[in-house]
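Descriptive analysis of the structure
Each chain, letter by letter, is given below.
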Amino acid sequence: MPLRHGGNQRFGYPVAAVVFAIGMAGTTLPTPLYGLYRERLGFSELMVTVVFAAYAVGVITVLLLAGNLSDVVGRRPVLLCALGLSAASALCFLFEGGVPMLLVGRVLSGFAAGLFSGTATATVLELAKPGQEARAGFAATAANMGGLGCGPLLAGLLAQYTPWPLSLPFLVHLALLAVAGVLTWLVPETVRTARTTRTARAVRTDGTTGQGQRPVRSARRRPAALRMPPEVRGVFAPSAIAAFAGFALLGLFTAVAPSFVGQTLGVRNLAVSGAVVFTVFLGSTAGQSLTGRLGITRALPGGCLVLVAGLLLVGASLVVESLPLLVIGAVLGGTGQGLAFRAALTAVSAAAPPEHRGGTISAFFVIAYLGISLPVVGVGALTLWLGLRGAGLTFAGCVIVLAACVGRYVVRRPPTER
(Lines give C-alpha, C1' and ligand atoms only; values in the text may rest on other atoms or scores of the structure.)
Protein backbone atom coordinates (compact mmCIF):
# COMPACT_ATOMS: atom_id res chain seq x y z
CA MET A 1 0.00 0.00 0.00
CA PRO A 2 1.35 3.48 -0.82
CA LEU A 3 2.49 5.51 2.15
CA ARG A 4 3.94 8.92 2.76
CA HIS A 5 6.74 8.32 5.20
CA GLY A 6 9.20 10.76 6.62
CA GLY A 7 11.82 10.59 3.92
CA ASN A 8 13.82 13.54 2.66
CA GLN A 9 11.01 15.85 1.60
CA ARG A 10 13.35 18.00 -0.48
CA PHE A 11 13.24 15.20 -3.02
CA GLY A 12 9.51 15.08 -3.62
CA TYR A 13 7.38 14.81 -6.71
CA PRO A 14 9.25 17.43 -8.85
CA VAL A 15 12.45 15.39 -8.57
CA ALA A 16 10.58 12.20 -9.43
CA ALA A 17 9.12 14.02 -12.45
CA VAL A 18 12.64 14.94 -13.62
CA VAL A 19 13.67 11.28 -13.42
CA PHE A 20 10.54 10.35 -15.37
CA ALA A 21 11.32 12.91 -18.10
CA ILE A 22 14.94 11.77 -18.48
CA GLY A 23 13.87 8.16 -18.79
CA MET A 24 11.21 8.87 -21.39
CA ALA A 25 13.53 11.11 -23.45
CA GLY A 26 15.64 8.07 -24.28
CA THR A 27 12.70 6.30 -25.89
CA THR A 28 12.35 8.92 -28.65
CA LEU A 29 16.02 9.85 -28.97
CA PRO A 30 16.52 7.84 -32.21
CA THR A 31 13.54 9.46 -34.00
CA PRO A 32 15.41 12.04 -36.14
CA LEU A 33 18.27 9.56 -36.68
CA TYR A 34 16.29 6.86 -38.50
CA GLY A 35 17.04 8.49 -41.86
CA LEU A 36 20.79 8.23 -41.16
CA TYR A 37 20.46 4.60 -40.17
CA ARG A 38 18.35 3.93 -43.27
CA GLU A 39 21.07 5.41 -45.51
CA ARG A 40 23.85 3.53 -43.70
CA LEU A 41 22.10 0.15 -43.54
CA GLY A 42 19.91 0.39 -46.64
CA PHE A 43 16.49 -0.58 -45.25
CA SER A 44 13.01 0.59 -46.26
CA GLU A 45 10.47 2.86 -44.59
CA LEU A 46 8.60 -0.27 -43.52
CA MET A 47 11.68 -1.40 -41.59
CA VAL A 48 11.79 1.98 -39.86
CA THR A 49 8.29 1.39 -38.53
CA VAL A 50 9.18 -2.20 -37.58
CA VAL A 51 12.17 -0.97 -35.57
CA PHE A 52 9.91 1.59 -33.95
CA ALA A 53 7.23 -1.05 -33.23
CA ALA A 54 9.83 -3.25 -31.51
CA TYR A 55 9.85 -0.57 -28.82
CA ALA A 56 6.09 -0.81 -28.39
CA VAL A 57 6.31 -4.61 -28.17
CA GLY A 58 8.78 -4.20 -25.32
CA VAL A 59 6.51 -1.72 -23.55
CA ILE A 60 3.40 -3.86 -23.81
CA THR A 61 5.24 -7.03 -22.77
CA VAL A 62 6.46 -5.43 -19.55
CA LEU A 63 3.11 -3.84 -18.79
CA LEU A 64 1.31 -7.16 -19.22
CA LEU A 65 3.79 -9.33 -17.31
CA ALA A 66 5.04 -6.94 -14.64
CA GLY A 67 2.73 -3.96 -14.69
CA ASN A 68 2.08 -4.21 -10.96
CA LEU A 69 5.67 -5.04 -9.99
CA SER A 70 6.23 -1.72 -8.22
CA ASP A 71 3.10 -2.36 -6.12
CA VAL A 72 4.94 -5.39 -4.70
CA VAL A 73 8.66 -4.57 -4.51
CA GLY A 74 8.46 -0.78 -4.24
CA ARG A 75 8.75 2.13 -6.63
CA ARG A 76 12.48 2.88 -6.25
CA PRO A 77 13.86 -0.57 -7.25
CA VAL A 78 11.69 -0.60 -10.38
CA LEU A 79 12.74 2.93 -11.34
CA LEU A 80 16.42 1.98 -10.96
CA CYS A 81 15.85 -1.10 -13.12
CA ALA A 82 14.16 1.04 -15.77
CA LEU A 83 17.11 3.44 -15.80
CA GLY A 84 19.49 0.49 -16.24
CA LEU A 85 17.49 -0.83 -19.20
CA SER A 86 17.47 2.64 -20.75
CA ALA A 87 21.27 2.78 -20.42
CA ALA A 88 21.57 -0.65 -22.05
CA SER A 89 19.42 0.57 -24.94
CA ALA A 90 21.65 3.62 -25.41
CA LEU A 91 24.71 1.35 -25.52
CA CYS A 92 23.08 -0.78 -28.23
CA PHE A 93 22.68 2.31 -30.41
CA LEU A 94 26.11 3.61 -29.50
CA PHE A 95 27.79 0.40 -30.67
CA GLU A 96 25.24 -0.31 -33.42
CA GLY A 97 26.30 -2.99 -35.89
CA GLY A 98 23.19 -3.52 -38.00
CA VAL A 99 19.42 -3.89 -37.86
CA PRO A 100 19.45 -6.65 -35.19
CA MET A 101 21.24 -4.37 -32.71
CA LEU A 102 18.76 -1.57 -33.46
CA LEU A 103 15.91 -3.96 -32.75
CA VAL A 104 17.49 -5.08 -29.47
CA GLY A 105 18.05 -1.48 -28.47
CA ARG A 106 14.44 -0.57 -29.17
CA VAL A 107 13.09 -3.58 -27.28
CA LEU A 108 15.23 -2.66 -24.26
CA SER A 109 13.98 0.90 -24.54
CA GLY A 110 10.44 -0.48 -24.57
CA PHE A 111 11.13 -2.51 -21.43
CA ALA A 112 12.35 0.67 -19.73
CA ALA A 113 9.31 2.68 -20.84
CA GLY A 114 6.98 -0.09 -19.70
CA LEU A 115 8.44 0.09 -16.22
CA PHE A 116 8.51 3.89 -16.19
CA SER A 117 4.95 4.46 -17.40
CA GLY A 118 3.06 3.09 -14.44
CA THR A 119 5.76 3.25 -11.76
CA ALA A 120 6.98 6.80 -12.31
CA THR A 121 3.44 8.12 -12.67
CA ALA A 122 2.42 6.49 -9.40
CA THR A 123 5.59 7.75 -7.68
CA VAL A 124 4.99 11.36 -8.68
CA LEU A 125 1.36 11.20 -7.55
CA GLU A 126 2.18 9.55 -4.22
CA LEU A 127 4.97 11.97 -3.33
CA ALA A 128 2.58 14.92 -3.50
CA LYS A 129 1.74 16.52 -0.17
CA PRO A 130 -1.88 17.26 0.72
CA GLY A 131 -3.11 20.03 -1.55
CA GLN A 132 -0.51 19.25 -4.25
CA GLU A 133 -2.42 16.46 -5.97
CA ALA A 134 -3.48 18.52 -9.01
CA ARG A 135 0.03 19.89 -9.58
CA ALA A 136 1.52 16.43 -9.18
CA GLY A 137 -0.92 15.02 -11.72
CA PHE A 138 0.16 17.64 -14.23
CA ALA A 139 3.83 17.05 -13.38
CA ALA A 140 3.47 13.33 -14.08
CA THR A 141 1.80 13.67 -17.47
CA ALA A 142 3.98 16.65 -18.46
CA ALA A 143 7.14 14.73 -17.55
CA ASN A 144 5.95 11.85 -19.71
CA MET A 145 5.13 13.96 -22.77
CA GLY A 146 7.86 16.54 -22.15
CA GLY A 147 10.50 13.82 -21.96
CA LEU A 148 9.20 12.17 -25.13
CA GLY A 149 9.36 15.55 -26.91
CA CYS A 150 12.82 16.52 -25.70
CA GLY A 151 14.39 13.30 -27.00
CA PRO A 152 13.99 14.10 -30.73
CA LEU A 153 14.82 17.78 -30.17
CA LEU A 154 18.07 16.95 -28.39
CA ALA A 155 19.08 14.27 -30.89
CA GLY A 156 18.21 16.44 -33.89
CA LEU A 157 20.33 19.36 -32.66
CA LEU A 158 23.32 17.18 -31.80
CA ALA A 159 23.06 15.19 -35.05
CA GLN A 160 22.84 18.30 -37.24
CA TYR A 161 25.42 20.52 -35.61
CA THR A 162 28.10 18.19 -34.19
CA PRO A 163 30.55 15.83 -35.95
CA TRP A 164 29.16 12.73 -34.15
CA PRO A 165 25.49 12.48 -35.16
CA LEU A 166 25.03 8.82 -34.25
CA SER A 167 27.02 8.73 -31.02
CA LEU A 168 26.86 12.04 -29.12
CA PRO A 169 23.06 11.93 -28.53
CA PHE A 170 23.41 8.61 -26.71
CA LEU A 171 26.51 9.67 -24.77
CA VAL A 172 24.64 12.73 -23.51
CA HIS A 173 21.67 10.60 -22.53
CA LEU A 174 23.89 8.16 -20.64
CA ALA A 175 25.20 11.09 -18.59
CA LEU A 176 21.62 12.22 -17.88
CA LEU A 177 20.69 8.69 -16.83
CA ALA A 178 23.53 8.70 -14.30
CA VAL A 179 22.11 11.90 -12.79
CA ALA A 180 18.64 10.35 -12.76
CA GLY A 181 20.00 7.31 -10.92
CA VAL A 182 21.36 9.50 -8.12
CA LEU A 183 18.07 11.40 -7.88
CA THR A 184 16.10 8.15 -7.75
CA TRP A 185 18.20 6.94 -4.85
CA LEU A 186 17.38 10.13 -2.95
CA VAL A 187 13.62 10.08 -3.61
CA PRO A 188 11.61 8.57 -0.71
CA GLU A 189 10.03 5.15 -1.22
CA THR A 190 6.23 5.36 -1.29
CA VAL A 191 5.30 1.68 -1.02
CA ARG A 192 5.30 -0.43 2.14
CA THR A 193 6.85 -3.73 1.05
CA ALA A 194 7.86 -6.99 2.72
CA ARG A 195 10.98 -5.36 4.15
CA THR A 196 9.06 -2.55 5.82
CA THR A 197 6.53 -5.13 6.99
CA ARG A 198 9.25 -6.93 8.93
CA THR A 199 10.50 -3.62 10.33
CA ALA A 200 7.01 -2.68 11.50
CA ARG A 201 6.59 -6.07 13.18
CA ALA A 202 9.96 -5.69 14.91
CA VAL A 203 8.92 -2.30 16.27
CA ARG A 204 5.70 -3.73 17.67
CA THR A 205 7.69 -6.59 19.22
CA ASP A 206 9.73 -3.99 21.08
CA GLY A 207 6.63 -2.96 22.95
CA THR A 208 4.92 -0.31 20.79
CA THR A 209 1.24 -0.60 20.05
CA GLY A 210 1.49 -0.14 16.32
CA GLN A 211 -1.46 2.22 16.41
CA GLY A 212 -1.65 4.58 13.48
CA GLN A 213 0.29 2.21 11.23
CA ARG A 214 -1.19 1.76 7.75
CA PRO A 215 -2.02 -1.80 6.72
CA VAL A 216 0.80 -3.50 4.85
CA ARG A 217 0.49 -5.78 1.86
CA SER A 218 1.37 -9.40 2.20
CA ALA A 219 5.05 -10.25 1.83
CA ARG A 220 4.06 -13.28 -0.26
CA ARG A 221 2.21 -11.33 -2.91
CA ARG A 222 3.80 -11.76 -6.31
CA PRO A 223 3.64 -9.81 -9.55
CA ALA A 224 0.73 -11.08 -11.59
CA ALA A 225 -0.99 -10.43 -14.87
CA LEU A 226 -2.83 -7.14 -14.91
CA ARG A 227 -6.42 -7.25 -13.72
CA MET A 228 -9.05 -4.57 -13.61
CA PRO A 229 -10.36 -3.68 -10.13
CA PRO A 230 -14.17 -3.40 -10.12
CA GLU A 231 -13.95 0.25 -9.06
CA VAL A 232 -12.18 1.17 -12.31
CA ARG A 233 -14.18 -0.69 -14.94
CA GLY A 234 -16.75 2.01 -15.59
CA VAL A 235 -14.20 4.75 -16.23
CA PHE A 236 -11.48 2.66 -17.87
CA ALA A 237 -13.03 1.98 -21.29
CA PRO A 238 -13.68 5.56 -22.46
CA SER A 239 -10.40 6.75 -20.96
CA ALA A 240 -8.30 4.04 -22.61
CA ILE A 241 -9.97 4.45 -26.02
CA ALA A 242 -9.27 8.19 -25.94
CA ALA A 243 -5.64 7.45 -25.05
CA PHE A 244 -5.40 5.01 -27.97
CA ALA A 245 -6.51 7.66 -30.46
CA GLY A 246 -4.15 10.30 -29.08
CA PHE A 247 -1.16 7.98 -28.95
CA ALA A 248 -1.75 7.01 -32.57
CA LEU A 249 -0.93 10.61 -33.49
CA LEU A 250 2.19 10.50 -31.32
CA GLY A 251 3.24 7.27 -32.99
CA LEU A 252 2.95 8.84 -36.42
CA PHE A 253 5.21 11.73 -35.46
CA THR A 254 7.80 9.72 -33.56
CA ALA A 255 8.12 7.05 -36.26
CA VAL A 256 7.73 8.63 -39.70
CA ALA A 257 7.33 12.40 -39.33
CA PRO A 258 11.06 12.98 -40.10
CA SER A 259 10.56 11.05 -43.33
CA PHE A 260 7.54 13.21 -44.18
CA VAL A 261 9.59 16.33 -43.50
CA GLY A 262 12.59 15.14 -45.53
CA GLN A 263 11.00 13.31 -48.46
CA THR A 264 7.56 14.89 -48.89
CA LEU A 265 8.33 18.46 -47.78
CA GLY A 266 11.98 18.50 -48.90
CA VAL A 267 13.46 19.73 -45.58
CA ARG A 268 16.66 17.79 -44.84
CA ASN A 269 17.76 19.54 -41.65
CA LEU A 270 17.73 17.02 -38.77
CA ALA A 271 17.28 19.75 -36.17
CA VAL A 272 14.11 20.87 -37.97
CA SER A 273 12.86 17.27 -38.06
CA GLY A 274 13.48 16.92 -34.33
CA ALA A 275 11.79 20.25 -33.67
CA VAL A 276 8.69 19.22 -35.65
CA VAL A 277 8.37 16.09 -33.52
CA PHE A 278 8.94 18.22 -30.41
CA THR A 279 6.01 20.48 -31.31
CA VAL A 280 3.45 17.69 -31.04
CA PHE A 281 4.65 16.90 -27.52
CA LEU A 282 4.80 20.59 -26.68
CA GLY A 283 1.17 20.84 -27.73
CA SER A 284 0.41 17.80 -25.58
CA THR A 285 1.97 19.43 -22.53
CA ALA A 286 0.00 22.62 -23.19
CA GLY A 287 -3.20 20.61 -23.49
CA GLN A 288 -2.50 18.90 -20.19
CA SER A 289 -2.11 22.27 -18.48
CA LEU A 290 -5.66 23.16 -19.56
CA THR A 291 -7.28 19.94 -18.40
CA GLY A 292 -7.60 20.98 -14.77
CA ARG A 293 -9.49 24.13 -15.73
CA LEU A 294 -11.91 22.31 -17.99
CA GLY A 295 -12.53 19.26 -15.83
CA ILE A 296 -12.48 15.64 -16.89
CA THR A 297 -15.98 15.52 -18.36
CA ARG A 298 -15.24 18.40 -20.75
CA ALA A 299 -11.56 17.75 -21.40
CA LEU A 300 -12.06 14.21 -22.72
CA PRO A 301 -14.54 14.97 -25.52
CA GLY A 302 -13.01 18.42 -26.13
CA GLY A 303 -9.58 16.87 -26.53
CA CYS A 304 -10.90 14.40 -29.08
CA LEU A 305 -12.44 17.21 -31.14
CA VAL A 306 -9.22 19.26 -31.07
CA LEU A 307 -7.30 16.11 -32.05
CA VAL A 308 -9.56 15.74 -35.10
CA ALA A 309 -8.87 19.36 -36.11
CA GLY A 310 -5.13 18.81 -35.79
CA LEU A 311 -5.25 15.66 -37.92
CA LEU A 312 -7.17 17.52 -40.62
CA LEU A 313 -4.37 20.09 -40.77
CA VAL A 314 -1.69 17.38 -40.83
CA GLY A 315 -3.45 15.76 -43.79
CA ALA A 316 -3.79 19.13 -45.53
CA SER A 317 -0.07 19.82 -45.03
CA LEU A 318 0.79 16.65 -46.95
CA VAL A 319 -1.55 17.61 -49.79
CA VAL A 320 -0.21 21.15 -50.25
CA GLU A 321 3.36 20.31 -49.07
CA SER A 322 3.46 22.96 -46.36
CA LEU A 323 5.81 22.71 -43.37
CA PRO A 324 4.10 25.54 -41.42
CA LEU A 325 0.74 23.79 -41.81
CA LEU A 326 2.29 20.54 -40.56
CA VAL A 327 3.66 22.33 -37.49
CA ILE A 328 0.30 23.98 -36.75
CA GLY A 329 -1.42 20.62 -37.14
CA ALA A 330 1.14 19.02 -34.82
CA VAL A 331 0.60 21.63 -32.12
CA LEU A 332 -3.19 21.46 -32.41
CA GLY A 333 -3.28 17.67 -32.53
CA GLY A 334 -0.87 17.44 -29.62
CA THR A 335 -3.03 19.85 -27.62
CA GLY A 336 -6.05 17.64 -28.19
CA GLN A 337 -4.07 14.56 -27.24
CA GLY A 338 -2.83 16.26 -24.07
CA LEU A 339 -6.30 17.35 -23.02
CA ALA A 340 -7.73 13.88 -23.46
CA PHE A 341 -4.69 12.03 -22.09
CA ARG A 342 -4.44 13.89 -18.79
CA ALA A 343 -8.20 13.72 -18.24
CA ALA A 344 -8.18 9.98 -18.96
CA LEU A 345 -5.16 9.25 -16.75
CA THR A 346 -6.56 11.35 -13.90
CA ALA A 347 -9.90 9.55 -14.07
CA VAL A 348 -8.30 6.10 -14.09
CA SER A 349 -5.83 6.92 -11.30
CA ALA A 350 -8.52 8.43 -9.08
CA ALA A 351 -10.80 5.44 -9.52
CA ALA A 352 -8.09 2.84 -8.80
CA PRO A 353 -7.66 1.59 -5.21
CA PRO A 354 -4.18 2.46 -3.84
CA GLU A 355 -2.99 -1.16 -3.66
CA HIS A 356 -3.71 -1.64 -7.39
CA ARG A 357 -2.85 1.84 -8.69
CA GLY A 358 0.46 0.93 -10.33
CA GLY A 359 -1.05 -2.09 -12.10
CA THR A 360 -4.14 -0.18 -13.19
CA ILE A 361 -2.12 2.69 -14.64
CA SER A 362 0.04 0.13 -16.44
CA ALA A 363 -3.08 -1.45 -17.96
CA PHE A 364 -4.11 1.98 -19.17
CA PHE A 365 -0.72 2.41 -20.86
CA VAL A 366 -1.05 -1.01 -22.56
CA ILE A 367 -4.00 0.34 -24.54
CA ALA A 368 -2.19 3.61 -25.20
CA TYR A 369 0.88 1.85 -26.56
CA LEU A 370 -1.22 -0.34 -28.81
CA GLY A 371 -2.28 2.98 -30.32
CA ILE A 372 1.29 4.15 -30.72
CA SER A 373 2.43 0.96 -32.47
CA LEU A 374 -0.20 -0.85 -34.55
CA PRO A 375 -1.32 2.10 -36.70
CA VAL A 376 2.29 3.12 -37.34
CA VAL A 377 3.26 -0.29 -38.69
CA GLY A 378 0.23 -0.01 -40.93
CA VAL A 379 1.56 3.29 -42.24
CA GLY A 380 4.92 1.64 -42.95
CA ALA A 381 3.23 -1.15 -44.91
CA LEU A 382 1.07 1.30 -46.85
CA THR A 383 4.14 3.24 -47.99
CA LEU A 384 5.08 0.23 -50.16
CA TRP A 385 1.89 0.74 -52.22
CA LEU A 386 0.79 4.33 -51.67
CA GLY A 387 4.03 6.16 -50.88
CA LEU A 388 4.58 8.35 -47.82
CA ARG A 389 1.96 10.93 -48.73
CA GLY A 390 -0.77 8.40 -49.48
CA ALA A 391 0.01 6.41 -46.34
CA GLY A 392 -0.05 9.56 -44.21
CA LEU A 393 -3.40 10.66 -45.62
CA THR A 394 -4.90 7.20 -45.07
CA PHE A 395 -3.63 7.19 -41.48
CA ALA A 396 -5.02 10.67 -40.81
CA GLY A 397 -8.43 9.67 -42.16
CA CYS A 398 -8.64 6.54 -40.02
CA VAL A 399 -7.62 8.26 -36.79
CA ILE A 400 -10.00 11.16 -37.50
CA VAL A 401 -12.88 8.68 -37.65
CA LEU A 402 -11.71 6.94 -34.46
CA ALA A 403 -11.22 10.18 -32.51
CA ALA A 404 -14.62 11.50 -33.62
CA CYS A 405 -16.31 8.28 -32.48
CA VAL A 406 -14.51 8.39 -29.14
CA GLY A 407 -15.53 12.02 -28.66
CA ARG A 408 -19.16 11.14 -29.25
CA TYR A 409 -18.90 8.17 -26.89
CA VAL A 410 -17.45 10.14 -23.97
CA VAL A 411 -20.03 12.90 -24.44
CA ARG A 412 -22.77 10.29 -23.97
CA ARG A 413 -20.97 8.36 -21.21
CA PRO A 414 -18.52 10.72 -19.50
CA PRO A 415 -16.32 9.44 -16.67
CA THR A 416 -17.34 10.61 -13.21
CA GLU A 417 -15.12 13.30 -11.69
CA ARG A 418 -13.79 12.45 -8.27
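For the structure given in this document, a descriptive report is provided here.

Here is what the cut-offs are and how they apply
- Residues numbered from 1 in each chain as written.
- Predicted model: local features only at pLDDT ≥ 70, side-chain atom pairs only at ≥ 80, totals over all residues.
- Heavy atoms only, no water.
- Helix = DSSP H or I, 4+ residues; strand = E, 2+ residues; numbered from the N terminus.
- Buried < 20%, exposed > 50% of the residue type's maximum accessible area, 1.4 Å probe, protein only.
- Contact = heavy atoms within 4.5 Å.
- Areas by Shrake-Rupley, 256 points an atom, 1.4 Å probe, with all protein chains shown as cover.
- Axes fitted to C-alpha atoms, helices over the stretch in contact; angles between N-to-C directions.
- Parallel < 35°, antiparallel > 145°, perpendicular 65-115°, else oblique.
- Left-handed = near helix turned anticlockwise from the far one by under 90°.
- Nonpolar A, V, L, I, M, F, W, Y, C, P; charged D, E, K, R; others polar.
- Phe/Tyr/Trp six-rings, centres within 6.5 Å; stacked < 30°, edge-to-face > 60°.
- Lys NZ or Arg CZ within 6 Å of the ring centre and 35° of its normal.

A few points about the overall build of the chain
Per the secondary structure count, the chain includes 15 helices and 0 strands. Among the 418 residues that make up the chain, the fraction classed as buried is 56%. The contacts in the chain between residues at least 6 apart in sequence include a share of 86% that link residues at least 24 apart. Roughly 16,400 Å² of accessible area belongs to the chain as shown, and the carbon and sulfur atoms make up 66% of that amount.

What to know about the side chain of Thr49
Topologically, Thr49 is positioned in helix α3 (residues 45–66). Apart from the residues within four sequence positions on either side, Thr49 is in contact with Val256, Val376, Val377 and Gly380.

As for the packing of helix α10 (residues 233–255) against helix α14 (residues 323–351)
Between α10 and α14, whose axes approach to 9 Å, the crossing angle comes to 150°. Classified by the interaxial angle, the pair formed by α10 and α14 is roughly antiparallel. As α10 packs across α14, the resulting crossing turns out to be left-handed. Residues Val235, Phe236, Ser239, Ala242, Gly246, Phe247, Leu249, Leu250 and Phe253 of α10 pack against Leu326, Ala330, Gly333, Gly334, Gln337, Ala340, Phe341, Ala344, Ala347, Val348 and Ala351 of α14. By residue class, the composition of the contact of α10 with α14 is 15 nonpolar, 5 polar and no charged.

Considerations on the side chain of Thr360
Locating Thr360 in the fold gives a position in helix α15 (residues 357–412). Not counting chain neighbours up to four residues away, the residues in contact with Thr360 comprise Met228, Pro229, Val232, Phe236, Val348 and Ala352.

Quick word on the packing of aromatic side chains
Enumeration according to the criterion identifies 8 aromatic pairs in this entry. A centroid spacing of 6.5 Å and a plane angle of 20° characterise the contact between Phe20 and Phe116, whose relative ring orientation is stacked. One end of the pair, Phe20, is in helix α1 (residues 13–28); the other, Phe116, is in helix α6 (residues 99–126), and 96 residues separate them in sequence. Residue Phe116 is classed as buried on the basis of its relative accessible area, which comes to 0%. Each ring, one from Phe341 and one from Phe364, has its centre 6.1 Å from the other, and the planes form 35°; the classification is tilted. Residue Phe341 is found in helix α14, and its partner Phe364 is found in helix α15; the two are separated by 23 residues along the sequence. Overall, the relative accessible area of 1% leaves Phe341 in the buried class. Put simply, the rings of Phe52, Tyr55, Phe247, Phe341, Phe364 and Tyr369 touch in pairs and so form one group of aromatic residues. Residue placement shows Arg76 over the ring face of Trp185; its charged tip is 5.9 Å from the ring centre.

By themselves, these figures tell us nothing about what the structure is for.
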